[in-house]
Amino acid sequence: MAVLEKDARIGNYRVIRTAPLPHLNGTYHELLHEPTGARHIHIACPDDNNAFAVAFPTVPEDSTGIAHILEHVVLAGSERYPVRDPFFAMGPRSLSTFMNAMTWPDRTVYPFATRNPKDYHNLLEVYLDACFFPTISYDSFRQEGWRYQFAELDNPASPLGYEGVVFNEMKGSMSSPASVMYREIGQAIFPNLTYAHNSGGDPRYIPDLSWEALKAFHARHYHPSNAYFYTYGNLPLEGTLETIEQQVLRRFSKIDPQTAIPDQPRFNRPVRREATYPIAPGEPLAKKAQVWVGWKTAFVGNEVEILGLSVLERVLLANAASPLRKALIESKLGEALADGTGLEADFREAVFGAGLKGIDPEDAPAVEEIILNTLREQAEQGLDRAMVDAAIHRMELESREVSNAGMPYALKVFFQLAMPYLNGGDPYLALQFDAALEGLEAERAKGPFLEGLIRQYLLDNPHRATILLKPDPQMTERLEAEERSRLEAIRAALSDAQVQEIIHEAQALKARQEAPEDLSVLPTLEISDIPMTLEDVPHRVRESAGNTLGLFPQPTNGISYLDLQFEVAGLPDDLKDLLPLFAFVVPRMGAGKSSYLEMAERIEAHTGGIGAAVGLRTLPGDAEAFNQKFTLSGKALYRNHGEFLAILRDLLTDLKWEPSHLKNLLGQLKAGFEARVVQAGHLFAWYLAEAQFGGKFSLQARWEGLEQLATLKRLAGLDEAGLGALVDDLERIRQYLFRRAKVNVCVTSEEKELGGLEARVQELLAALPERSLLEEKTILPSAQLRPQARTTAVPVAYNAKVWRTVPYDHPDAPALMVLAQLLRTEYLHKEVREKGGAYGGFAVTRPESGTFALLSYRDPHVVRTFQVYGGIFEFLGRDLEAEKLKEAILGAAGDVDPLLSPDNKGRVRFFSDLAGYTLDKKMRFKQRMLEVHFSDLRRVAETYLQGEAALAVVTGEEKIREANAEMGGVFQVAGI
Ligand SMILES: [Zn+2]
């Protein structure tokens, strides 16, 4: 590649900055496209997972969801790709490691990543055309945004309703207290800026949006003069720039998009707000409110102050010993930190806030007092130096870690620099943790810098808001009633001609959704582009005294990873429901000579975190057989190996139970679980359906499903005597798990560190007590299929239908995986999302657990969706093009070979091998998948998906009442 020196030219681009990025083994390039003003940052580095993103500052002036709806519509057809849904259609034609589009209150981002160069260029062309030359058809505006529709499409006597993907997505989203709080923070702190509006769209205002306004918003915002491009990886930059220039930029001239966000005028005095969130009628209202106190702080481009505020966030809030967290939790006024607690740097000026949830509204002033008093104390007496050093250590570790967990590292780099990049700060500095840290240390050397930040940005800052969020049992019903009466008034005022137009438009949209289309205009990969091998991760395995040790050399950038896996199977059944709680509390209790507060400080100062989890894994040869394991994991910088292992040893051999702290932790665990039910209702519906199969699935429901939530609710209500008994039970679990018997340990680090680590791990294992205990055999229930529904305060539904299939080794398992891909992209996406207006409709197979599921997400329907599920055979009976089979195979191929990173390559390999998922078996699975034919898909569908299925729904009371009335009361209903 040519050397991209400053002022070098590539086409109409000029290089405006080049700088080294030693921690990435790479170089930073910033370029400007002079004729249009488009900006470009390129990170040249050896990573073959190449990434692209284009971001546009988008600044809505109302709550119609204009930016979010545009994000959806842009992906629904463009000039060169005039098909219904090029973005979704590309999914199965690609081997991408990431493809998405996201809307924030002040920006919209279109990122992707892939390891295949041909795929990179395919996706680049589709993304560019979508963003800059979208069709924005009237139909796609109505499909994705909102439309009027009669309940029965062409029957004007049936009720008039609103439909639309975003409309339903936001109904689901606005049911979660966390989303409500986030919107309220934007409104409270930035009343004069775009952040005051609901950028996702408030379902009450979405129907105010017009198609014309949407097109105008695109023309102004999605313009090269308002575009921020980003590329990353080992592909030469020149090719990308040429494509962008030829395909897009040469067709534009410069404009002033006027999207810069000004400073929010500063308040003279603090403000207060109250808001409500929906809760199911009949649910007790005590301790369901939350209060948050927060301030507008520094500009996100101010690296040193933002780093200082991030350090403050960690010191004050990160763990049990953090003074502000401790004061809030130990007040016993609530159960967990409020939503929105911490530093929120997703606004142009960062917001720092803290609060408590699970409180009574009368206690809000007391919580506010605690926050202000604690900050005052900390500013006056000075922060604990050791805690500040510990927080800085943790941030150093995080800045070094190259992990693809959650999102490819290639794109994490973009999100690290995005806020300064889009807001006139210095994006290069955002990648220079060491330089910002030096700046911070220089300030700390001069005086009490962090304490000064507490005064300047918090205590002495009148730009403060207090938000009280209260539960409202009537809210869902009230909003639905408001919507109904609004629609009735609209219906009454409609002329016959307007009625006919609604019917006509609905038919036209349906016809368009059903029309066959030619996807051959879209670029695609071929089966031959799928890599035929799976990476054989180098490692060695040691067996000693019944324990198995896997040693994995990886380029970990100075960090070591340890996973210790303990056997759970023989634990008495009455203790098994407590395992998720046990996993949560073990790394949070005191141990050895440390109280739980001291232990929290040790973990912060010497590790990158210690966590634990319990899980079960089906064995490859038998769908009934499974293992049950408890895993304790942690990571640390090399220099801290000694203390890291000492902490593990204390936790494993000398844990100290503290009942009052246990009670606090129970509240936090329960609050987190409750929040997940609204966010991921489809998973809970899925577990609820699978639980009907009995066996291992009943255990899964007890650990991960709504049954676990019931367990946590019961435990959170225990009195002192009850807590004492709970501690005894947890201690029985500890005695059973933490002993020298069949422990599997995975060690990942650089080669030079492995020897030393191995010796330390052997010492740790030798320190575990030898105990022989009675092994119990858990008797699990047998299958009992009975459709289940659980209700909570959501105006949408999550519908699940699940069948049992075959274990991983069975020759039909790969065909089922391809079938799931085909049904998802060709059938459910169309029927459940496009036509049904749900946010998502999926077919999922978990080849490892031997099930096949149809799921819907934020779905306005129950009955209709189950009818769609019933239509899969009719769909499979149609003539399907050969191209569809290829796409389904390509799509499934990505799932069996996911992108891994140095931190988890060893873990995945080691624990797969131990459970019997060897490299050979994985290769055979992949090979079979590539050879699947249509006839196989029809055959496996007939063989496995015609038997009785398990059904489950998570939704609101009214929806299930209606569904049961129509479906003959099949669902057994209970509250959550
Ligand atoms: Zn969306």
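Values in this document were obtained by computation on a predicted structure and should not be read as measured data.

Quick word on the overall build of the protein
A count of helical and extended segments in the protein gives 36 helices and 31 strands. On C-alpha atoms alone, the protein measures out to a radius of gyration of 28 Å, which is about the 30 Å that the 2.2 N^0.38 rule sets for 976 residues. Reported as C-alpha extents along the three principal axes, the dimensions of the protein are approximately 80 × 65 × 65 Å. Within the protein, the proportion of its 976 residues that are buried is 61%. Counting only contacts in the protein whose residues sit at least 6 apart along the sequence, the fraction spanning at least 24 positions is 81%. For the protein, the computed accessible surface area is about 36200 Å², with 51% contributed by carbon and sulfur atoms. Seen as two clouds, the 104 positive and the 133 negative side-chain charges of the protein have centres 2 Å apart.

Observations regarding the coordination of the zinc ion
Protein-derived coordination of the zinc ion comes from His 68 (NE2), His 72 (NE2), Glu 169 (OE) and Glu 169 (OE), at a distance range of 2.1 to 2.6 Å. Taken together, the four donor atoms surrounding the zinc ion define angles of 54 to 152° at the centre, an arrangement classified as irregular. Mapped onto the sequence, the donors of the zinc ion take the spacing H-x3-H-x96-E. Note that His 68 and His 72 are positioned in helix H1 (residues 66-74) at a spacing of four residues, about one turn of the helix. No difference in accessibility class separates His 68 from His 72, as the two residues are buried.

With respect to the sheet that holds strand E20 (residues 559-567)
Note: strands within a sheet are paired through backbone hydrogen bonds, in either parallel or antiparallel orientation. Taken together, six strands build an open sheet; the order of strands is E18-E19-E25-E20-E23-E22 and the sheet is mixed. Two strands in the sheet have a free side with no partner beyond their single neighbour: strand E18 (540-544) and strand E22 (610-619). Looking at each pair of strands side by side, their axes are set apart by 20° on average, direction ignored. Seen against the sheet, helix H12 (residues 385-400) touches E20 and strand E23 (622-637) and runs at an angle of roughly 120° to E23.

Some points on the domain arrangement of the protein
Structurally, the protein comprises domain 1 (9-149 + 199-260), domain 2 (271-406 + 415-472), domain 3 (475-504), domain 4 (540-767) and domain 5 (788-975). Computed over C-alpha atoms only, the centres of domain 1 and domain 2 are separated by 32 Å. Of the residues lining the interface, 20 residues belong to domain 1; the matching set on domain 2 comes to 13 residues. Summed over both sides, the interface between domain 1 and domain 2 buries roughly 1600 Å², with carbon and sulfur atoms accounting for 66% of that surface. Among the residues domain 1 hides against domain 2, the three largest losses belong to Arg 17, Arg 107 and Tyr 228. Together they make up 30% of the total.

Looking at the side chain of Gln 628
Checked against the element boundaries, Gln 628 lands in strand E23. For Gln 628, a relative accessible area of 6% puts it in the buried group. Polar contacts involving the side chain of Gln 628 include one to the side chain of Lys 576, which spans 2.9 Å.

As for the pattern of salt bridges
Under the defined criterion, the tally for this structure stands at 75 salt bridges. Between Glu 604 and Arg 394 there is a salt bridge, with its nearest N and O atoms 3.7 Å apart. One end of the pair, Glu 604, is in helix H21 (residues 596-606); the other, Arg 394, is in helix H12, and 210 residues separate them in sequence. Neither residue differs from the other here; Glu 604 and Arg 394 are each classed as buried. For Arg 602, the salt bridge is made with Glu 643, and the minimal N-O distance between the two is 2.7 Å. With a gap of 41 residues between them, Arg 602 in helix H21 and Glu 643 in helix H22 (residues 641-653) connect regions that are remote in the sequence. We classify Glu 643 as partly exposed; its relative accessible area is 24%. Connected via shared salt-bridge partners are Lys 6, Asp 7, Arg 9, Arg 14 and Glu 34.

With respect to the sheet that holds strand E29 (residues 851-857)
Read across the sheet, six strands follow the order E28-E29-E27-E30-E26-E31 without closing on themselves; strand pairing throughout is mixed. Each of the sheet's edge strands pairs with one partner strand only, and the pair in question is strand E28 (840-846) and strand E31 (972-975). Recorded for the sheet is a direction-independent mean angle of 15° between the axes of neighbouring strands. Sheet topology note: the strand E27 (residues 798-804)/strand E30 (residues 950-955) ladder contains five bridges and is antiparallel. Paired with Val 802 across the strands is Ala 950, a residue of E30.

A few points about the packing of aromatic side chains
All chains considered together, the criterion is met by 45 aromatic pairs. A ring pair is formed by Phe 56 and Tyr 222, whose centres lie 4.4 Å apart and whose planes are at 15°; its orientation type is stacked. Highlighted residues: Phe 56 in strand E5 (residues 50-57) and Tyr 222 in the loop between helix H7 (211-221) and strand E11 (228-233), separated in sequence by 166 residues. Of the two residues, Phe 56 and Tyr 222, neither departs from the other in class, the shared state being buried. Plain terms: the ring middles of Phe 552 and Phe 910 are 6.2 Å apart, the flat faces sit at 75° to each other, and that makes the pair edge-to-face. One end of the pair, Phe 552, is in strand E19 (residues 547-553); the other, Phe 910, is in helix H33 (residues 902-915), and 358 residues separate them in sequence. The exposure class of Phe 552 is buried, given its relative accessible area of 0%.

Comments concerning the side chain of Gln 290
Locating Gln 290 in the fold gives a position in strand E13 (residues 289-299). Within polar-contact distance, the side chain of Gln 290 engages the backbone nitrogen of Asp 339 at 2.9 Å. Leaving out residues up to four positions away in the same chain, Gln 290 has contacts with Pro 177, Met 181, Ala 338, Asp 339, Leu 356, Lys 357, Ile 359, Ile 467, Leu 468 and Leu 469.

So, the UniProt feature "domain: Peptidase M16C associated" (unreviewed entry) in the protein
UniProt's entry tags residues 469-715 with the feature "domain: Peptidase M16C associated" (unreviewed entry), counted in the numbering of this structure. Helix makes up 50% of residues 469-715 and strand 22%, with an end-to-end C-alpha separation of 25 Å.

Side note on empty space enclosed by the protein
For the structure shown, the criterion picks out three cavities of 30 Å³ or more. Taken together, Leu 75, Pro 86, Phe 87, Val 126, Tyr 127 and Ala 130 make up the lining of the largest cavity. Among the secondary structure elements, those contributing two or more residues to the lining of the largest cavity are helix H2 (86-90) and helix H3 (117-132). With three residues, H3 is the single largest residue contributor to the lining of the largest cavity. Counted as a void, the second largest cavity has a volume near 40 Å³. Forming the walls of the second largest cavity are Pro 105, Tyr 182, Arg 183, Gly 186, Tyr 195, His 197 and Phe 347.

Quick notes on helix H18 (residues 496-514)
Helix length check: H18 (19 residues) gives 27 Å between terminal C-alpha atoms against 27 Å at 1.5 Å per residue, within 8%. Along H18, the residues classified as buried are Val 499, Ile 502, Ile 503, Glu 505, Ala 506, Leu 509 and Gln 513. When H18 is viewed along its axis, its buried side chains cluster within an angular range of 160° and face the same direction. Away from its buried face by more than 90 degrees, H18 exposes Asp 496, Ala 497 and His 504. Its buried side turned inward, H18 meets helix H4 (138-145), strand E9 (147-150), strand E10 (160-163), helix H17 (475-493) and helix H29 (813-835).

Description of the environment of Glu 770
Within the secondary structure, Glu 770 is located in the loop between helix H28 (751-767) and strand E26 (788-791). On the accessibility criterion, Glu 770 (61% relative accessible area) is exposed. Here the alpha-carbon distance between Glu 770 and Phe 738, two residues 32 residues apart in the chain, equals 9.2 Å.

Describing the pairing of E5
Among the eight residues that make up E5, eight are buried, leaving the element largely enclosed by the rest of the structure. Neither face of E5 is open: one carries Asn 50, Phe 52, Val 54 and Phe 56, the other Ala 51, Ala 53, Ala 55 and Pro 57, and all of them are buried. Here eight bridges tie E5 to strand E8 (residues 107-114), and the two strands are oriented antiparallel to one another. For Phe 56, the partnering residue across the bridge sits in E8 and is Thr 108.

Analysis parameters
Residues numbered from 1 in each chain as written. Predicted model: local features only at pLDDT ≥ 70, side-chain atom pairs only at ≥ 80, totals over all residues. Heavy atoms only, no water. Helix = DSSP H or I, 4+ residues; strand = E, 2+ residues; numbered from the N terminus. Rg over C-alpha atoms; globule rule 2.2 N^0.38 Å. Buried < 20%, exposed > 50% of the residue type's maximum accessible area, 1.4 Å probe, protein only. Contact = heavy atoms within 4.5 Å. Areas by Shrake-Rupley, 256 points an atom, 1.4 Å probe, with all protein chains shown as cover. Lys, Arg positive; Asp, Glu negative; His and termini not counted. Charge placed at Lys NZ, Arg CZ, Asp CG, Glu CD. Donors = N, O, S within 2.8 Å, 3.2 Å for Na, K, Ca; no water. Tetrahedral: all angles 85-135°; square planar, octahedral: opposite > 155°, others 65-115°. Pairing = 2+ DSSP bridges. Axes fitted to C-alpha atoms, helices over the stretch in contact; angles between N-to-C directions. Domains from an automatic or database assignment. Buried area = accessible area lost by both parts, 1.4 Å probe. Polar contact = N/O pair within 3.5 Å; in protein donor to acceptor, adjacent residues only side chain to side chain. Salt bridge = Lys/Arg side-chain N within 4 Å of Asp/Glu carboxyl O. Phe/Tyr/Trp six-rings, centres within 6.5 Å; stacked < 30°, edge-to-face > 60°. UniProt positions renumbered as here; feature names shortened; annotations may be inferred. 1 Å grid on protein atoms, 1.4 Å probe; cavity = no way out; pocket = protein on both sides within 12 Å on 5 of 7 lines; lining within 4 Å. Points joined across faces, edges and corners; volume = space filled by probe spheres on them. Expected span 1.5 Å × (residues − 1). Arc of directions from axis to C-beta.

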